[in-house]
Number of protein chains: 10
Amino acid sequence: MKFLCQMQVTFPESMSPEEVAQKQAEEKEYSQALQRSGEFEAIYRVVGKYANVSIFEVESNQRLHEILSGFPMFPYMSIETTALATHPNAI
Amino acid sequence: MKFLCQMQVTFPESMSPEEVAQKQAEEKEYSQALQRSGEFEAIYRVVGKYANVSIFEVESNQRLHEILSGFPMFPYMSIETTALATHPNAI
Amino acid sequence: MKFLCQMQVTFPESMSPEEVAQKQAEEKEYSQALQRSGEFEAIYRVVGKYANVSIFEVESNQRLHEILSGFPMFPYMSIETTALATHPNAI
Amino acid sequence: MKFLCQMQVTFPESMSPEEVAQKQAEEKEYSQALQRSGEFEAIYRVVGKYANVSIFEVESNQRLHEILSGFPMFPYMSIETTALATHPNAI
Amino acid sequence: MKFLCQMQVTFPESMSPEEVAQKQAEEKEYSQALQRSGEFEAIYRVVGKYANVSIFEVESNQRLHEILSGFPMFPYMSIETTALATHPNAI
Amino acid sequence: MKFLCQMQVTFPESMSPEEVAQKQAEEKEYSQALQRSGEFEAIYRVVGKYANVSIFEVESNQRLHEILSGFPMFPYMSIETTALATHPNAI
Amino acid sequence: MKFLCQMQVTFPESMSPEEVAQKQAEEKEYSQALQRSGEFEAIYRVVGKYANVSIFEVESNQRLHEILSGFPMFPYMSIETTALATHPNAI
Amino acid sequence: MKFLCQMQVTFPESMSPEEVAQKQAEEKEYSQALQRSGEFEAIYRVVGKYANVSIFEVESNQRLHEILSGFPMFPYMSIETTALATHPNAI
Amino acid sequence: MKFLCQMQVTFPESMSPEEVAQKQAEEKEYSQALQRSGEFEAIYRVVGKYANVSIFEVESNQRLHEILSGFPMFPYMSIETTALATHPNAI
Amino acid sequence: MKFLCQMQVTFPESMSPEEVAQKQAEEKEYSQALQRSGEFEAIYRVVGKYANVSIFEVESNQRLHEILSGFPMFPYMSIETTALATHPNAI
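An unreviewed UniProt entry lists chain A under the name Muconolactone Delta-isomerase, with Kocuria subflava given as the organism. According to its UniProt record, chain A has this under Pathway (unreviewed entry): "Aromatic compound metabolism; beta-ketoadipate pathway; 5-oxo-4,5-dihydro-2-furylacetate from catechol: step 3/3." Comment text from UniProt for chain A, heading Catalytic activity (unreviewed entry), reads "(S)-muconolactone = (4,5-dihydro-5-oxofuran-2-yl)-acetate".

Caption draft 1: Layout of the overall build of chain A. Within chain A, the regular secondary structure consists of two helices and four strands. Of the regular secondary structure in chain A, the N- to C-terminal order runs β-α-β-β-α-β. Taking the principal axes of the C-alpha coordinates as reference, chain A spans close to 50 × 25 × 20 Å. The proportion of buried residues among the 91 residues of chain A is 56%. Taken as two groups, the 7 positive and 12 negative side-chain charges of chain A have centres that lie 6 Å from each other.

Caption draft 2: Just the pattern of salt bridges, in detail. All chains considered together, the criterion is met by 50 salt bridges over all chains. The closest approach of N and O atoms between Glu66 of chain I and Arg63 of chain I, which form a salt bridge, is 3.2 Å. Residue Glu66 of chain I and its partner Arg63 of chain I are located together in helix α2 (residues 61–70), separated by three residues, close to a single helical turn. Residue Glu66 of chain I is classed as partly exposed on the basis of its relative accessible area of 43%. Assessed through its relative accessible area of 23%, Arg63 of chain I is described here as partly exposed. One salt-bridge network, in which partners are shared between bridges, spans Lys2, Glu41 and Glu57 of chain A.

Caption draft 3: Layout of helix α1 (residues 17–37) of chain D. Between its first and last C-alpha, α1 of chain D extends 30 Å over 21 residues, near the 30 Å set by a 1.5 Å rise per residue. At its buried positions, α1 of chain D is contacted by β2 (40–46), α2 (61–70) and β4 (77–86) of chain D.

Caption draft 4: Region of interest: the sheet that holds strand β3 (residues 51–57) of chain F. Around the barrel, eight strands lie side by side as β1(F)-β3(F)-β2(F)-β4(I)-β1(I)-β3(I)-β2(I)-β4(F); this closed barrel has antiparallel pairing. The sheet shows a mean angle of 35° between the axes of neighbouring strands, taken without regard to direction. One ladder, built from five bridges, connects strand β2 (residues 40–46) of chain I with strand β3 (residues 51–57) of chain I; its direction is antiparallel. Its bridge partner lying in β3 of chain I, Tyr44 of chain I is registered against Val53 of chain I.

Caption draft 5: Looking closely at the pairing of strand β3 (residues 51–57) of chain G. Residues and elements named next belong to chain G. Burial of β3 is extensive: six of the seven residues sit out of reach of the surface. In this sheet, β3 lies alongside strand β1 (residues 2–9) in antiparallel orientation, the contact comprising seven bridges. Paired with Cys5 across the strands is Ser54, a residue of β3.

Caption draft 6: Local environment of the arrangement of the chains. At their nearest point, the C-alpha atoms of chain B and chain F are still 14 Å apart, with no contact between the two. For the non-touching pair chain C and chain H, the nearest C-alpha separation works out to 29 Å.

Caption draft 7: Region of the structure containing the side chain of Asn52 of chain A. With respect to the helices and strands, Asn52 of chain A occurs in strand β3 (residues 51–57). Side chain to side chain, Asn52 of chain A and Ser54 of chain A meet in a polar contact 2.8 Å long.

Caption draft 8: Structural context of the environment of Asn89 of chain D. Structurally, Asn89 of chain D can be placed in the segment after β4. Take Asn89 of chain D: its relative accessible area is 10%, and that puts it in the buried class. For the pair formed by Asn89 of chain D and Leu34 of chain D, sequence separation is 55 residues and the distance between their alpha carbons is 29 Å. With residues near it in sequence (within four places) discarded, Asn89 of chain D still touches Glu27, Lys28, Ser31, Gln32 and Gln35 of chain E.

Caption draft 9: Inspection of the sheet that holds strand β1 (residues 2–9) of chain A at higher detail. The sheet built from eight strands closes into a barrel, its strands ordered β1(A)-β3(A)-β2(A)-β4(G)-β1(G)-β3(G)-β2(G)-β4(A) with antiparallel pairing. In this sheet, adjacent strand axes meet at a mean angle of 35° when their direction is disregarded. When β1 of chain G meets strand β4 (residues 77–86) of chain G, the two strands line up antiparallel, connected through seven bridges. Across the sheet, the residue bridging to Gln8 of chain G is Ser78 of chain G, located in β4 of chain G.

Caption draft 10: Quick peek at the interface of chain B and chain C. Each partner contributes residues to the interface: chain B has 28 residues there, and chain C has 28 residues. A buried area of about 2,500 Å², summed over both sides, lies between chain B and chain C, and 64% of it is on carbon and sulfur atoms. The tally of links from chain B across to chain C stands at zero salt bridges. Along the contact surface separating chain B from chain C lie 14 residue pairs in polar contact (both at pLDDT 80 or more). Of all the secondary-structure elements, those providing two or more residues to the side of chain B that touches chain C are β1 (2–9), α1 (17–37), β2 (40–46), β3 (51–57) and β4 (77–86) of chain B. A total of six residues in the side of chain B that touches chain C trace back to one element, the largest contributor, which is α1 of chain B. Considering only residue class, the side of chain B that touches chain C consists of 13 nonpolar, nine polar and six charged. Pairing of β4 of chain B with strand β2 (residues 40–46) of chain C involves three bridges; the strand directions are antiparallel. Across the sheet, Thr86 of chain B pairs through a bridge with Tyr44 of chain C, a residue of β2 of chain C.

Caption draft 11: Local environment of the packing of aromatic side chains. Summed over the entire model, instances satisfying the criterion amount to 50 aromatic pairs over all chains. Consider the rings of Phe11 of chain H and Tyr50 of chain H, whose centres lie 6.0 Å apart with planes at 55°: the pair is tilted. In this pair, Phe11 of chain H sits in the loop between β1 (2–9) and α1 (17–37) while Tyr50 of chain H sits in the loop between β2 (40–46) and β3 (51–57), placing the two residues 39 residues apart along the sequence. Here the aromatic rings of Phe40 of chain H and Phe71 of chain H are separated by 6.2 Å at their centres, their planes lie at 75°, and the arrangement is edge-to-face. Remark: Phe71 of chain H occurs in the loop between α2 (61–70) and β4 (77–86) and Phe40 of chain H occurs in strand β2; sequence separation between them is 31 residues. Summarising the burial analysis for this pair, Phe40 of chain H and Phe71 of chain H share the class buried. By the ring-pair criterion, three or more aromatic residues cluster together here, those being Tyr30, Phe40, Phe56 and Phe71 of chain A.

Caption draft 12: Layout of the relation of the copies chain B and chain D. The two copies are related by a screw motion: chain B maps onto chain D through a turn of 72° and a shift of 0.0 Å along the axis, at an RMSD of 0.0 Å. Interpreted geometrically, this transformation is the action of a five-fold axis. Interface overlap between copies is the fraction of interface residues in one copy that are interface residues in the other; for chain B against chain D it is only 14%, indicating separate surfaces.

Caption draft 13: A look at the side chain of Lys2 of chain H. Along the chain, the position of Lys2 of chain H falls in strand β1. Of note is the side chain of Lys2 of chain H, whose polar atom sits 2.6 Å from the side chain of Glu41 of chain H. Filtering out sequence-adjacent residues up to four positions away, Lys2 of chain H remains in contact with Glu41, Ile55, Phe56, Glu57, Thr82, Ala83 and Leu84 of chain H, Asn61 of chain I together with Tyr44 of chain J.

Reading guide: rules and limits
As a convention, each chain's residues are numbered from 1 in the sequence order in which they are written. Chain A is the first chain written and ligand 1 is the first ligand written, with later ones labelled in order. A pLDDT threshold of at least 70 governs which residues receive local features in this predicted model, and a stricter bar of 80 or more applies before side-chain atom pairs are shown or counted, although totals over entire chains, interfaces and linings include all residues. Excluding hydrogens and water, the side-chain values take into account all heavy atoms of the structure. UniProt positions are given in the numbering used here, feature names are shortened, and annotations may be inferred rather than shown by experiment. For helices the rule is a DSSP run of H or I covering at least 4 residues; for strands it is a run of E covering at least 2, with both sets numbered from the N terminus onward. Per-residue accessibility, obtained with a 1.4 Å probe over protein chains only, is compared with the maximum for each type, and a residue is labelled buried under 20%, exposed over 50%, and partly exposed between these values. Positive charges come from Lys and Arg, negative ones from Asp and Glu, while His and the chain ends are left out of the count. For charged residues, the charge sits on one atom: NZ in Lys, CZ in Arg, CG in Asp, CD in Glu. When a carboxyl oxygen of Asp or Glu is within 4 Å of a side-chain nitrogen of Lys or Arg, the pair counts as a salt bridge. One less than the residue count of a helix, multiplied by 1.5 Å, gives the span that helix is expected to have. The criterion used for residue contact is that any of the two residues' heavy atoms lie within 4.5 Å. When DSSP finds two or more bridges between two strands, those strands count as paired. Fitting a line to C-alpha atoms yields each axis, with helices limited to the stretch in contact; the angle taken between N-to-C directions then spans 0 to 180 degrees. A 3.5 Å cut-off defines polar contacts: any pair of N or O atoms within that distance qualifies, except that in protein one atom must be a possible hydrogen donor and the other a possible acceptor, and neighbouring residues in sequence count only when both atoms are side-chain atoms. Once two parts are put together, the accessible area they lose, assessed with a 1.4 Å probe and summed over both, is termed the buried area. Side-chain classes are defined by residue name, with Ala, Val, Leu, Ile, Met, Phe, Trp, Tyr, Cys and Pro counting as nonpolar, Asp, Glu, Lys and Arg as charged, and the others, Gly among them, as polar. In this scheme Phe, Tyr and Trp rings, the latter by its six-membered ring, pair at centre separations within 6.5 Å, and the angle between planes marks the pair as stacked below 30 degrees, edge-to-face above 60, and tilted otherwise. Least-squares superposition of the copies uses the C-alpha atoms of those residues scoring a pLDDT of at least 70 in each of them.

If you want it as structure tokens, here you go:
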């Protein structure tokens, strides 16, 4: 079951560059583990923004929320989620 | 797995009152069968609008799209879908 | 008399994790008491957001505002309220 | 229990001036009966628009929807409804 | 001459609870004096928000701006103003 | 008492060029009479749009609505009205 | 080089069901040929809408516009295009 | 003096393909004459839309409006205009 | 060559009342010099807001940007600019 | 391959004028090097805003994101990117 997630990152002004770098490193590790598991199918950078376009393959809404709210950078992200179904023209 | 759907109906000017009434009767039958099956948990009228707020309990995104696109009035509805998960404060 | 409330939480940067946890504990207790009383019919988490979708059953607008403004996290929430009526297709 | 309703009227191009005048006459009669009953407290024209700002005093959401959906011009109106409560500064 | 004003209050994070309470007390006194004078016809709380819906009866735009900008909480309010006229259906 | 009005014109597809020209001629006459009377202080074309920016000097909201709703092209215009007051920096 | 395209379909009221079916059949053929060529990587249906989320892999903006404007249903689609780059966390 | 214009074309449903083609041919001729004159510096197609991004170099607002309102397709275009100045980093 | 500018002022929370008053005094002096020069034709206060509606008469976009960016309060203002032309109904 | 980028700059309140000036100097150098290379075709100031309209000529989305995210002021900019293609009327 697939979802499109469009995520925009905004770190608060009060975070130090070290805290930001720490969060980004944790995020990378968490993100790559999910990609290897098959639940996080694709992630792209949006040109000109600190934002991404992601495709998830999960068994339920519940599991998707667990994944998203578990992101180390979740508190700094605004996420728009679109539920997807099979398209009749897809081969 | 639950979803909130917010639906707004707009019939085209060219439809006759008879065609509208026919569509509404078909919609009622379809809607009530889904409510009896347990997949369509709740439907409320939005005060002052030809619109509703609905809660669905379905097994997948795919099934939700089948249900929604099967509505006899689907061509005349604009639907916003929000994927829901369990809230930690729910009893 | 039912209402849909869509609530989005945003804690200010200056709140410590302890203050946040304290507010969340108070919120849980308050929310669950209302759910047990029957006035707070349902609460769902919005996937990917610190937000919820809630259904209230109250006797008046006045009572709904008392409930909402009494939430311990009320100062940190943006709430959109939609008045609901019976839908003619509801069984 | 009070509500603010903001209504915008848009008649379809296909309606004749006679049909419009007929609807307006029916609307006036319906509106004035409600004003006399005490449920429709106030109605103002919005400057520069075919729109109004109205205050209703009703016993329930259900009753408000009955009133609004009963307007002869309801099919041609877009209505935004705001639930109101007592303000602590009101005398 | 009537106006609808929709006011949303947002206190800055840096204000202490004492400063907020002081501003609210001043606001109440100012608001009630205007209500007694007849220029501030009605004020309602918007359900679920730190916001109000107000109706003013003033002799000019100039006077309305004097009233609004004189609110002790004016610096913390976002105000949308709608000029109103007599509605042909009003009784 | 001054107001800014921003007007956008949209003629329906079904109007013939002759009907449009007739409405425009009536509009011109009506508009120029108001300009000569002193109530319609200024009118500018918005570059690239069938729209204008206008300044009115009227004695009341009521009078402004009479003027605007009297425009021969009023049914084809969307008008946004902003109430203005004296600016403290104006000379 | 990848792009996210979000397409919403709206057929005009005047099209007959036969014309719609003909356009849909042409669209399917065109779409599947592009998917087989590798330029049209993925297409998903948006739940509850006559809309899709698509990922393209093309050599240039020019080629993407050729593809999109060549869709048999292009005149009936509103398309939002987002340019994508490699995400540093992608594996 | 430069301006950015972002134009979106929408032909009404009632125009025949021949009328559309005729308007497009007239538009092309008009547009290319302006490009040759130096007043219409650049025009680009927006990917996935019947829209363009254009840069004009004109002596006044008045001249820009003459150019834009003279487009054969002007009645079918929505145009957003942004006034531009020299950027301090431009070489 | 005329422009409509709609300016909204927002001072940051960190500015002291003295700094604000200093900026406002500088702004007044700057604004009045421009009004006397003839380039700043009119300035009105928007009722209920720390905002203004202004009309400028300048020789170029470049000059307008010099004027606007030279405002002592420019860093605290959000400005929307609309290029204006002569209206065919203006007398 | 061309892109329109519309960039809006917002420096955080906590940055000192020296830090801002340093960033601006770095930005100028970076920007001018790109303009000389031919990849940054044009940059204009938006009248009345700390914003710009820019045209890029790059070989890929990837390259455009490298350029934009490399701007010294990138963390303080909101950038909207529009992919462009050849317009059939361009000479």
